[in-house]
Amino acid sequence: MDFVTLGGNLLGTIPLGDIVLYITPLSLFLFIVLLVFTLLIAISKTETQVEATLMKLSNTNVKVGKKEFKQRRFLSVICGIASAGAMITGDLFNFTLFMALIGILNIGIVSAVKQTTVLNSAYQYGLIAMMCSLPLFGGASIILASTGTLSLAVLSQMPATPMVVFGAVLMLLGILGESGVAPFFASKAEMFRTPGSPFIVIIHLSSLFIIVRAVEILLLVLW
Amino acid sequence: MKIGKIWNKLADPKTVPRLFAFCLGIILILGLFVPMALNPDQLYTRPAPQVQIDDGLPIAPYDRGGVVLKEPGIIKAQFPENSKELGMITGYMSPLAEWVSSISPYFGTSIYSSPGGLIDEVLYYTRGFDTILESSILMMAFIIASWLAINYTMDRRDIEKDLKKAANDSANVAREIKINDEKARAKQLRRDN
């Protein structure tokens, strides 16, 4: 399928050697929304959860310490920028690299929380993210071997051979695992159950946007 | 089994990596049956196997010709209009590599033979953005690990109590060892006499 059918007219390209980023109305919109959200996160403060205290009438506030707050804000801003970059990238391997970067930042954002259940599920997610590097990069390399190119502009003009379909299925599995969609949701959904709302939300938002973009890329490659 | 029970099992984070590994294994096994057809028109062209070795070139399977900064070597780019100076440093080798290749015909097959400037052109010229991303993934991993290491193992507030406890423990262990040692020595002495 062509860019024009999926994302609207081509507004321009950003050539960086063999990696050519391209801008269509769809990708530009996603890019700007993510950057605005990242800006909102960078200037916001974390929420404080109020929990009932056992055997007493008072409440306890679950707060985020200042050091941890700074670390989380830094990581979530980088995560926002990385997912914004994945929105306008025009190269298959570039996209998988952005995906891997987002995966490791997602673990980093919750790596310093005090709740053991959250840490446990982050550990399980880390296992999945580690396994995902095989289908992500393997899928991209199989597509490269069978077509001889990684540029989406060239790939969208090529017919899909069985090997390309296999590479795309591998990539899809990697993206599903890394962004925590349907059968693999549990480990990622448990990671949100901790104070520090706006920073935790970027974990969720980046995977949502990545899924939209991944659908577009797979359509470009397969049709 | 009812679908509700399956969903309940999937909601346990512990089962998710196993399920993922299982799915991945099945797809990889299915991949064995996919017909493999490589594209002969690959981006980074190379001569047929053994051709350069039969010719007796000193940097054999990696010789791509070209004179540094004068004549481009054999290299192809996806979008040649974006990298006009491509191939100019393909033939570059470090002084050490040049010396080794001048005295040995097997330089190209040894562990310290890099394809010279070719890697640099791929990494920093045609696909430079990928290299930036790769190293930033590594940097983020180091930032997370070092922050955790500093704040949760070194910079702990109750470290003095722990140190005192550790010192006590090791002193206890040392005392026990000493007592056992003396006992054994006394026993040995008795047996000798």
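Model, not experiment: these values are computed from the prediction.

Bringing the overall build of chain B into the picture now. The helix and strand inventory of chain B stands at seven helices and zero strands. Taken from N to C terminus, the helices and strands of chain B fall in the order α-α-α-α-α-α-α. Relative to a compact globule of 193 residues, whose C-alpha radius of gyration would be 16 Å, chain B shows 31 Å and is clearly more extended. Principal axes of the C-alpha set define a box for chain B whose edges measure 85 × 70 × 40 Å. Across the 193 residues in chain B, those meeting the buried criterion constitute 18%. Across chain B, contacts joining residues at least 24 apart in sequence account for 54% of those joining residues at least 6 apart.

A word on the overall build of chain A. Counting its regular elements, chain A contains nine helices and four strands. Principal-axis analysis of the C-alpha atoms places the extent of chain A at approximately 70 × 30 × 25 Å. Taking all 223 residues of chain A together, the buried fraction comes to 50%.

With that settled, consider the packing of helix α7 (residues 162-179) of chain A against helix α9 (residues 197-222) of chain A. All names here are of chain A. Put simply, α7 and α9 touch, their axes get as near as 11 Å, and they point 180 degrees apart. Between α7 and α9, the crossing angle belongs to the class labelled roughly antiparallel. Contacts between α7 and α9 pair V164, V165, A168, L172, I175 and S179 from the former with S207, I210, I211, A214, L218, V221 and L222 from the latter. Residues of the contact of α7 with α9, tallied by class, amount to 11 nonpolar, two polar and no charged.

This next bit is on the environment of L21(A). Residue position: L21(A) is located in strand β2 (residues 19-23). In contact with L21(A), other than residues within four places in its own chain, are T13(A), I14(A), L16(A), I88(A), T89(A) and G90(A).

Alignment of strand β1 (residues 12-16) of chain A against β2(A), held across five bridges, turns out to be antiparallel. Across the sheet, the residue bridging to G12(A) is I23(A), located in β2(A).

Of the residues lining the interface, 47 residues belong to chain A; the matching set on chain B comes to 44 residues. Sorting the residues of the side of chain A that touches chain B by element identifies β1, β2, α3 (66-88), α4 (92-109), α5 (116-147), α7 and α8 (186-190) of chain A as the ones contributing at least two each. No other element matches the 10 residues that α5(A) contributes to the side of chain A that touches chain B. Residue composition of the side of chain A that touches chain B, by class: 28 nonpolar, 16 polar and three charged.

Attention now moves to the environment of T147(A). For T147(A), the position within the fold is in helix α5. Looking at T147(A), the number of C-beta atoms within 10 Å reads 25, which means it is buried. Note: C-alpha distance between T147(A) and T60(A) (87 residues apart in sequence) is 59 Å. Apart from residues lying up to four places away in sequence, T147(A) is in contact with L155(A), M158(A), V164(A) and N39(B).

All names here are of chain A. For the pair α4 and α5, the least separation of the axes is 10 Å and the interaxial angle reads 175 degrees. When the axes of α4 and α5 are compared, the pair comes out roughly antiparallel. Across the interface between the two elements, L92, F93, T96, M99, A100, G103, I104 and I107 from α4 touch A122, Y125, G126, A129, C132, S133, L136, F137, A140 and I143 from α5. Looking at the contact of α4 with α5, its residues break down into 14 nonpolar, four polar and no charged.

A word on α5(A). Residues and elements named next belong to chain A. Between its terminal C-alpha atoms α5 stretches 46 Å, which fits the 46 Å expected from 32 residues at 1.5 Å a residue. Taken as a whole, α5 carries its principal kink of about 30 degrees at C132; the proline P135 stands between one and four residues after it. Looking one or two residues past α5, G148 carries a phi angle of roughly 85 degrees, positive in sign.

Take the domain arrangement of chain B next. Each assigned domain of chain B is listed here: domain 1 (2-33), domain 2 (51-130) and domain 3 (156-193). On a C-alpha basis, the centroid separation for the pair domain 1 of chain B and domain 2 of chain B is 45 Å.

Residues F98(A), M99(A), L101(A) and L105(A) are the most contacted members of the largest nonpolar core, which totals 71 residues. Per element, the largest residue contribution to this core is 12 residues, and it comes from α4(A). Leave out the neighbours within four places in its chain, and L101(A) touches A82(A), L133(B), S136(B), I137(B) and M140(B).

About the thresholds
- Residues numbered from 1 in each chain as written.
- Chains lettered and ligands numbered in written order.
- Predicted model: local features only at pLDDT ≥ 70, side-chain atom pairs only at ≥ 80, totals over all residues.
- Helix = DSSP H or I, 4+ residues; strand = E, 2+ residues; numbered from the N terminus.
- Rg over C-alpha atoms; globule rule 2.2 N^0.38 Å.
- Buried ≥ 20, exposed ≤ 12 C-beta atoms within 10 Å, placed from the backbone.
- Contact = placed C-beta atoms within 7 Å.
- Axes fitted to C-alpha atoms, helices over the stretch in contact; angles between N-to-C directions.
- Parallel < 35°, antiparallel > 145°, perpendicular 65-115°, else oblique.
- Nonpolar A, V, L, I, M, F, W, Y, C, P; charged D, E, K, R; others polar.
- Pairing = 2+ DSSP bridges.
- Expected span 1.5 Å × (residues − 1).
- Bend = angle between axes of the 7 residues up to and from the residue.
- Domains from an automatic or database assignment.
- Core = buried A, V, L, I, M, F, W, Y, C linked by C-beta atoms within 7 Å.

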